[in-house]
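Examination of the molecular architecture
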Amino acid sequence: MSNLLLLLILLPVAAALVCYFVRSSAVRKLTVVANGAILTLASLALLGKGAFEPIAVGSFLGIGSDFLITVMDFALLGVIFFYGLKHKNLLIQGFTLAQAVLLAWFEFFVVEHAEVPALAGDQLSIIMVLVISIIGSLICIYALPYMKEHEEHLHLKTSRQPRFFFFLVLFLGAMNGLVLANNVLWLYFFFEVTTLCSFMLIGHDATEIATRNSVRALWMNSLGGLAFVIGMMLVYAKTGTLDIAAILAAGPQGALMVAGVGFICLAGFTKAAQVPFQSWLLGAMVAPTPVSALLHSSTMVKAGVYVILRFAPAFEGTFLSTGVAICGAFTFLACAALGVGQSNGKKILAYSTVANLGLIICCAGINTPLAITAAVMMILFHAISKSLLFLCVGTIEHAIGSRDLEDMRGLYAKFPRTAMITVIGILTMMLPPFGVLMAKWMAIEAGASNIYVIVMLAMGSALMMVYLSRWAGSLMASRAADAAPERQAALIRLPLMALAAAAVILSLGSPWIYNSMVAPMFNAPPFTLSFGSLDAVSGSFVVVPLFIVLGLGLLYAMKAASGFRKTRIAPPYVAGANTPADMDGTYIGPMNGPVAYAAGNMYLGELFAEGKLTPVFNSLAVALIVLMLGGAL
Amino acid sequence: MNTLILVIIGIVVAPLVGGLIAGLDRRITAWFQSRQGPPIMQAFYDVAKLLGKEKMVVNQWQILCAWVYLIAAAVSVALFFAQGDLLLVFFVQAVGAVFLVMGAMAAKSPYSQVGAQRELMQILAYEPVLILVFVGFFLVTGSFSIEAVWQLDQPLIAKMPLLYLALGYALTIKLRKSPFDFSTSHHGHQELVKGVLTEYSGPYLALVEIAHWYETVLVLGLCALFWSTNVAWMAVLLIGTYLLEILVDNTMARMTWRWMLKRVWLLGMGMSVVNLIWLYAG
C-alpha cells in the first residue's frame, strides 16, 4: 500500500525531473504520456483497494521522512523568500519570514516529535487522487501540442517547455501528497509546494503582466501559508497532536482549537481564491491555458476547498461552521454577479470557478451529510466540466486568436467539433441531469435551512445560468454544406473527447459513484438508491430516468435537425429589407446600399461593473471573514 | 403504477388544458377591449395550421432547440404529475428555457438575438424567486417533494401569502404577459416583432407554442399547490389568479428589463424573504 502511495507522489516528481533535464521533445512527450498512464492506473488501483488507516512511511536512506519534510520545508520557504527579494515585494518577504520564524519555533521548541503516521486515505482523499491523477494528466497531455503552438506564436529562440512541464507535472505529485497527508506538517509542506508551482506557472511567459500577476498570487498564497502555520500551532496547542485523523476524531475542542481551524480555513480561502482573494486567480488567466485548466480543475484551488472539507468535522456545529457557510455563499453570489458583466471567456470561467468553489466551501460550512455529499460531488463534476471548458477556450483561442465571447460568435460555422464540445461542456455545467447541477441541487436542499445562505444561492445560481446560456447560444451558427472539416491534433482531441465523454457518462453513473464512494463516509448516508434515482426525505433526483427520457428526446431532436437540408433555408427576418442571399448578415439601408447588422450580448455593464463592484464585495468579504474568525473565539 | 398513470394524464391532458386556457385568455382579453374575440378553440386551430405549413428554418439549431424545448417542458410536467422534487421539476423546465434561448441566438438575426438576450433577463428575474418559493414549501413540509404537500391539513396559502404574491411575479414573466412580456412582444408594428420567437416558424413555432401550453399548466400547477386541501378553493384560487393575470396584462404597459429586474428582485425577493423569516421563526 505504502508503495502505491509513494508512486502517486514520487512518480510525478521523477517525471518532472526528466522533463527538466532531458531537453528533447520526444522524450518529454513520452514521459508526460507515460506518467499520465501510470498515474491513472495507480489511482484506479488505489480506488480498488479502498480507504485505509493512516500508515507510517519510515525513512529514506536512513534519514527519517519527517525530518526530510522539515528540511525541505525550510528550503522551500527560502526559495519563496528569494523570489520575494527578487521581485522586491515586502508582503512576500514578510509573510514568508513570519512563517519561517513561527515554524522554526514550532518545530524546535513546541512539538514533541512523536511518530505520526504520515499518509492516510479515506473516501475524500481517494476521490481527490482520482481527480488529480486522471484529469490532471489529461491536461498535461493536452499541454504537449498546445505549448508547441504557444511557443510558435511567441517566436521564442530557446524553448522554455522543460521548465514549464517540470512545474506542471510536479504539481500533480504535490497535490497527491497534499490530499494523502495525515501529518499536518506534511500537509503544510505540500500546500507550500503548490504555492510555488502556481507562482512559477503563472509567471511562465515572463511578460510584465505575467510577472505582476504571479507576484500577486505568491503574496496572497504566502498569507495563506502564514494563516496555516498559525492555525496548525493553535490546533496543536489544544490537541497536542499533529495527526489529522486524531484531530478530526476529537471534534471541536473549545474556542482556541476552533479558532485554529478557522485560520486553516482562511488558508483554504486564499488558496481557493475566495473573495477578497479572487484577484490572484483572475490574474492567473495570463498563463498559458493548460495552467488555467490545471489550477481551476484538479490542483491549486481544489487544494483550498479540500483543506476546508478535510477539517469540517473539527468545526461541526460551531459558529465557525456557520461563518464558513456564509462566506462561501457570499463568494458564490459575488462571483456569479461579477461573471455576468464579462465578455472574456477565460474570465467568465474564472469567476464561475470561484463561485462554484464558494458553493463547495458553503457546503463544508453547512456540514451535514447531505451538504458534504454535495461538496464532494461538486468537486468531482466541476473538475471534469471546468477542465474541459478551459481546454476548449485554449483550442478556440489558438484557432481564432481571441478569447472574447463576441469573437466566438458563430464558431460552429468554421470549427464545428470544438464548438460542439464547448457547448457540451457548458450544458454539463448548468443543466440536469448532469453532475454539476445535481451537486447544486443537493447544495440548495442542504442550504435551505439557513436563510442567508439560501437567498445568496438562489440569486447566484440564476446569475450563472445567464452567462453560461449566453455563451452556449453564441457559439451556434449555420454551416455551409461544402465547408471543410475541422482539423485537430490527436493529443488535443484525445483529452477533449475523454473529458466530454466523462462529463456525460460519469453523470449517468452518479448514483453509483455516490453509493460506492461518498456514502461510506457517513454513519447515516443522506440518500438511498432506487432505480438509478437518489432519494432522501428532503427530495429525490431521478438521475437515470431523466437521462433516458431527456437523452431519447435529444436523439429524436437531433434526428429531426439532421434533415434540415431538406427543409427550406430561409434568410433571417429583417423587416422586409433583405439583401440578396449571398450578402448574409446585411439589410438594405439608406441609399439602397447594404448595411451590416450586428447584435451583441447584454453584459449589463452598468449593473455588474467589475471595477465598481469588486471593492464593495471585497470589503464585505473581509467583514464576513473577520466575523467568522472572531466568532470562533 | 399510479404514478405512471398520473404521468400519462399529465403529458396528454396538460397541452389540451393549456391550449384551452390560451383560448379563454383571448376571449376574456377581447371582452376587456369590447371586441368579440376568436372562438375558444382558436389556439388549437392556430397550432394545427402552423403544423401544416412548409418547414422553413434559418438553420438546423432551431429544429433541435424547438424540439428540446417541447420535450423538456413535457418532462417537467410529467415530473410534476409524478409528485417529484420541486427543484428538479424547475431545473428540467430550465433545460427548455435555455434551449429556446440558444435556438434564438443561433440565428443570425438581430430581432431574435435581442429577444434571446431579453429572455435571459426574464429568466434572471424569475429564477431566484421560484427557488425561494420552493424553500418556503420545504420549510412548511420538511421536503421539496410534491408528495409532502398533499399530506398537509392546512392550505399553504395560510402560511405563505407573500410567497404566493411573489410567485405571481414569476407567473407573469413565465406567461410572458405585460408588463413583463418584452422578450416576445406580439405586435407587428413594434420594433421587436416577436423577439425570441422571430425566427421560429411553421411547424417549429407550433412546437414552441405547445411547449408554452405545458409551461402554463406547470406554473398554474404550482399555484394550485397553495390550496391543496380543498379542490373547490383550489379552483377559485386558480381562476382568480389567472383572471388577475389577464387584468394586469390588459391594464399595464410593457416595461423595460431594467424596470423588471429592479421590481422583481426588490419586491418579489423582498416579499419572499419576509415570508421566509416567518417560516424560519415559526
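Analysis parameters
Residues numbered from 1 in each chain as written. Chains lettered and ligands numbered in written order. Predicted model: local features only at pLDDT ≥ 70, side-chain atom pairs only at ≥ 80, totals over all residues. Heavy atoms only, no water. UniProt positions renumbered as here; feature names shortened; annotations may be inferred. Helix = DSSP H or I, 4+ residues; strand = E, 2+ residues; numbered from the N terminus. Rg over C-alpha atoms; globule rule 2.2 N^0.38 Å. Buried < 20%, exposed > 50% of the residue type's maximum accessible area, 1.4 Å probe, protein only. Contact = heavy atoms within 4.5 Å. Areas by Shrake-Rupley, 256 points an atom, 1.4 Å probe, with all protein chains shown as cover. Lys, Arg positive; Asp, Glu negative; His and termini not counted. Charge placed at Lys NZ, Arg CZ, Asp CG, Glu CD. Salt bridge = Lys/Arg side-chain N within 4 Å of Asp/Glu carboxyl O. Polar contact = N/O pair within 3.5 Å; in protein donor to acceptor, adjacent residues only side chain to side chain. Buried area = accessible area lost by both parts, 1.4 Å probe. Nonpolar A, V, L, I, M, F, W, Y, C, P; charged D, E, K, R; others polar. Pairing = 2+ DSSP bridges. Patch = residues over 30% accessible without salt bridge, like charges linked within 9 Å, V, L, I, M, F, W, Y side chains within 5 Å. Disulfide = S-S within 2.5 Å. Core = buried A, V, L, I, M, F, W, Y, C linked by side-chain atoms within 4.5 Å. Phe/Tyr/Trp six-rings, centres within 6.5 Å; stacked < 30°, edge-to-face > 60°. Lys NZ or Arg CZ within 6 Å of the ring centre and 35° of its normal. Axes fitted to C-alpha atoms, helices over the stretch in contact; angles between N-to-C directions. Parallel < 35°, antiparallel > 145°, perpendicular 65-115°, else oblique. Left-handed = near helix turned anticlockwise from the far one by under 90°.

An unreviewed UniProt entry lists chain B under the name NADH-quinone oxidoreductase subunit H, from Pseudodesulfovibrio cashew. Per UniProt, chain B has the following entry under Subcellular location (unreviewed entry): "Membrane".

Per an unreviewed UniProt entry, chain A is named NADH-quinone oxidoreductase subunit L, and its organism is Pseudodesulfovibrio cashew.

Broken down by element type, chain B carries 11 helices and 1 strand. For chain B, whose C-alpha radius of gyration is 18 Å, the value lies close to the compact-globule estimate of 19 Å for 282 residues. Each principal axis of the C-alpha atoms in chain B carries an extent, and together these give about 55 × 45 × 40 Å. Burial status across chain B gives 63% buried among its 282 residues. The long-range share in chain B, meaning contacts at least 24 apart out of those at least 6 apart in sequence, stands at 78%. Summed over its atoms, the accessible surface of chain B is roughly 10600 Å², and 68% of this surface lies on carbon and sulfur atoms. When the 17 basic and 15 acidic side-chain charges of chain B are each reduced to a single mean position, those positions are 8 Å apart.

Following the criterion strictly, the structure yields 13 salt bridges over all chains and no others. We note a salt bridge from A:Lys148 to A:Glu152, for which the minimum N-O separation is 3.6 Å. Separated by 4 residues within a single helix, A:Lys148 and A:Glu152 lie in helix H5 (residues 123-154), roughly one turn from each other. Under the relative-accessibility criterion, A:Lys148 is labelled exposed at 52%. According to the relative accessible area criterion, A:Glu152 is partly exposed, its value standing at 48%. Among the charged side chains, a salt-bridge network with shared partners connects B:Asp25, B:Lys177 and B:Asp249.

The next thing to look at is unusual backbone geometry. Cis rather than trans, the peptide bond between A:Val275 and A:Pro276 has omega equal to 5 degrees. Looking at the secondary structure, you find A:Pro276 in the loop between helix H10 (254-271) and helix H11 (278-283). Along the chain, B:Ser178 connects to B:Pro179 via a cis peptide bond; the corresponding omega equals 0 degrees. Looking at where B:Pro179 falls in the secondary structure, it is placed in the loop between helix H8 (161-174) and helix H9 (202-224). Despite not being glycine, A:Met591 shows a phi value in the positive range, around 60 degrees. Among the structural elements, A:Met591 can be located in the loop between strand S9 (586-588) and strand S10 (594-596). Exposure remark for A:Met591: the relative accessible area of 83% places this residue in the exposed category.

The subject of this paragraph is the environment of A:Trp280. Residues and elements named next belong to chain A. Positionally, tryptophan 280 belongs in helix H11. Discounting residues that sit within four places of it in the chain, tryptophan 280 has contacts with Ile202, Arg216, Ala217, Met220, Asn221, Thr270, Lys271, Ala273, Leu295, Met300 and Val301. Engagement of the side chain of tryptophan 280 in a polar contact is seen with the backbone oxygen of threonine 270, the distance being 2.8 Å.

Tallying the contact residues gives 62 residues for chain B and 69 residues for chain A. In this assembly, chain B packs against chain A so that about 5800 Å² is buried in total across both faces, 77% of it on carbon and sulfur atoms. Run the count over chain B and chain A and you get 1 salt bridge. With its nearest N and O atoms 3.0 Å apart, the salt bridge here joins B:Glu54 to A:Arg568. Taken together, the links from chain B to chain A amount to 17 residue pairs in polar contact (both at pLDDT 80 or more). When residues of the side of chain B that touches chain A are traced back to their parent elements, those giving at least two are strand S1 (56-57), helix H3 (60-81), helix H4 (86-106), helix H5 (110-141) and helix H11 (257-281) of chain B. When residues in the side of chain B that touches chain A are grouped by element, the largest group, 15 residues, is from H5(B). Grouping the amino acids of the side of chain B that touches chain A by side-chain chemistry returns 45 nonpolar, 9 polar and 8 charged. One ladder, built from 2 bridges, connects strand S8 (residues 568-569) of chain A with S1(B); its direction is parallel. Counted as the bridge partner of A:Arg568 is B:Met56 from S1(B).

For the rest of this paragraph, the subject is a nonpolar patch on the surface. Residue and element names in this part refer to chain B. On the surface, Met1, Leu4, Ile5, Leu6, Ile8, Ile9, Ile11, Val12, Val13, Leu16 and Val17 cluster together to form a nonpolar patch covering roughly 950 Å² of accessible area. With respect to the helices and strands, isoleucine 9 occurs in helix H1 (residues 2-32). A relative accessible area of 39% places isoleucine 9 in the partly exposed class.

Turning next to the state of the cysteines. Put plainly, two cysteines are in a disulfide when a covalent bond ties their sulfur atoms together. Residues and elements named next belong to chain A. Counting across every chain of the model gives 0 disulfides over all chains. Summary of cysteine pairing: cysteine 265 is not part of a disulfide, and the nearest cysteine sulfur, belonging to cysteine 327, is at 9.5 Å. Distance from the sulfur of cysteine 362, which forms no disulfide, to the nearest cysteine sulfur (cysteine 363) is 5.5 Å.

A few words on the UniProt feature "domain: NADH:quinone oxidoreductase/Mrp antiporter transmembrane" (unreviewed entry) in chain A. When the UniProt feature table is mapped onto this chain numbering, "domain: NADH:quinone oxidoreductase/Mrp antiporter transmembrane" (unreviewed entry) sits at residues 181-461 of chain A. The span residues 181-461 of chain A is 77% helical and 0% strand by assignment, and the distance between its end C-alpha atoms comes to 34 Å.

Here we come to the nonpolar core. Among the nonpolar cores identified, the biggest contains 352 residues, and A:Phe228, A:Trp280, B:Phe137 and B:Phe226 are the most heavily contacted of them. Counting residues per element, this core draws most heavily on helix H16 (residues 369-400) of chain A, which supplies 20 residues. Those residues in contact with A:Phe228, other than ones at most four positions away along the chain, are A:Val184, A:Leu187, A:Tyr188, A:Phe191, A:Phe263, A:Ile264, A:Ala267 and A:Val307.

Residues and elements named next belong to chain B. This chain's UniProt record puts "transmembrane region" (unreviewed entry) on residues 6-24, 61-81, 87-107, 128-150, 233-252 and 264-281. Helix makes up 100% of residues 6-24 and strand 0%. Its end C-alpha atoms lie 25 Å apart. Annotated as 95% helix and 0% strand, the span residues 87-107 places its first and last C-alpha atoms 31 Å apart.

This part takes up the packing of aromatic side chains. A ring pair, where both rings are aromatic, is described by two values, the distance of the centres and the angle of the planes. Taken as a whole and assessed by the stated rule, the structure comprises 35 aromatic pairs over all chains. Between A:Phe191 and A:Phe228, the aromatic rings sit 5.1 Å apart at their centres with planes inclined by 35 degrees, giving tilted as the arrangement. Taken as a pair, A:Phe191 in helix H7 (residues 184-202) and A:Phe228 in helix H8 (residues 208-239) lie far apart in primary sequence, 37 residues in all. A residue is classified by how much of its surface remains accessible, and A:Phe191, at 0% relative accessible area, is buried. Clustering of aromatic rings is evident, with ring pairs tying together B:Phe90, B:Phe91, B:Phe134, B:Phe137, B:Tyr164 and B:Phe226. A cation sits over an aromatic face here: A:Arg23 above A:Tyr20, 5.3 Å from the ring centre. Geometry around A:Phe191 places A:Lys271 over its ring, the cationic atom sitting 4.2 Å from the centre.

Okay, the side chain of B:Thr172 next. Locating B:Thr172 in the fold gives a position in helix H8. Residues within four places of B:Thr172 in sequence aside, it is in contact with B:Lys177, B:Ser178, B:Pro179, B:Phe180 and B:Glu245.

Turning our eyes to something else, we now look at the packing of H16(A) against helix H21 (residues 510-518) of chain A. Residues and elements named next belong to chain A. Where H16 contacts H21, the axes come no closer than 12 Å and their chain directions differ by 120 degrees. Taken together, H16 and H21 sit at an angle that is classed as oblique. Considering only the axes of H16 and H21, their crossing is right-handed. Contacts between H16 and H21 involve Thr373, Val376, Met377, Leu380 and Phe381 from the first element and Ser510, Ile513, Tyr514 and Val518 from the second. Among the residues forming the contact of H16 with H21, the class breakdown is 7 nonpolar, 2 polar and no charged.

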